[in-house]
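Structural characterization, general
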Amino acid sequence: MTGPSSTPRGEHTPRPSTRWETEPRWTGEQLADDAPEPRPNRATRRAAARRTK
């Protein structure tokens, strides 16, 4: 394995037709507010059962 080069590399030029997006854009993704509540895991269910006994 070789060590680091003593000559710095120049800046990487991007491919043609690619550009940096400087403004936030909407990607079409939305949060689902009507999603069902996640089911509690086994440890939580067992603790709830112990509490009710």
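Below: a short report on this structure. Residue positions are given per chain, counting from 1 as you read along its sequence in written order. In view of the model being predicted, local features appear only for residues whose pLDDT reaches at least 70, and side-chain atom pairs are presented and counted only at 80 or more, with totals across whole chains, interfaces and linings using the full set of residues. Remark: hydrogens and water are excluded; side-chain values derive from all non-hydrogen atoms of the structure.

1. Overview of the overall build of the protein chain
Test applied: Note on conventions: DSSP H or I runs of at least 4 residues are helices, E runs of at least 2 residues are strands, and numbering of each starts at the N terminus. Method for areas: the Shrake-Rupley scheme with a 1.4 Å probe, in which residue coverage is limited to the protein chains shown.
Scanning the protein chain from terminus to terminus reveals one helix and zero strands. Surface accessibility of the protein chain: about 6,500 Å² in total, with carbon and sulfur atoms responsible for 53%.

2. Quick look at a positive patch on the surface
Where we set the bar: Residues with no salt bridge and a relative accessible area higher than 30% make up the patches, which join like charges within 9 Å and nonpolar side chains (Val, Leu, Ile, Met, Phe, Trp, Tyr) within 5 Å. By convention in these notes, a salt bridge is any Lys or Arg side-chain nitrogen within 4 Å of a carboxyl oxygen on Asp or Glu. Under the counting rule used here, the positive set is Lys and Arg, the negative set is Asp and Glu, and His together with the chain ends is not counted. Lys charges are placed at NZ, Arg charges at CZ, Asp charges at CG and Glu charges at CD. Remark: exposure states derive from per-residue accessible area (1.4 Å probe, protein chains only) relative to the maximum for the residue type, with buried under 20%, exposed over 50%, and partly exposed in between.
On the surface, Arg39, Arg42, Arg45, Arg46 and Arg50 cluster together to form a positively charged patch. Topologically, Arg42 is positioned in helix α1 (residues 42–52). For Arg42, a relative accessible area of 56% corresponds to the exposed category.

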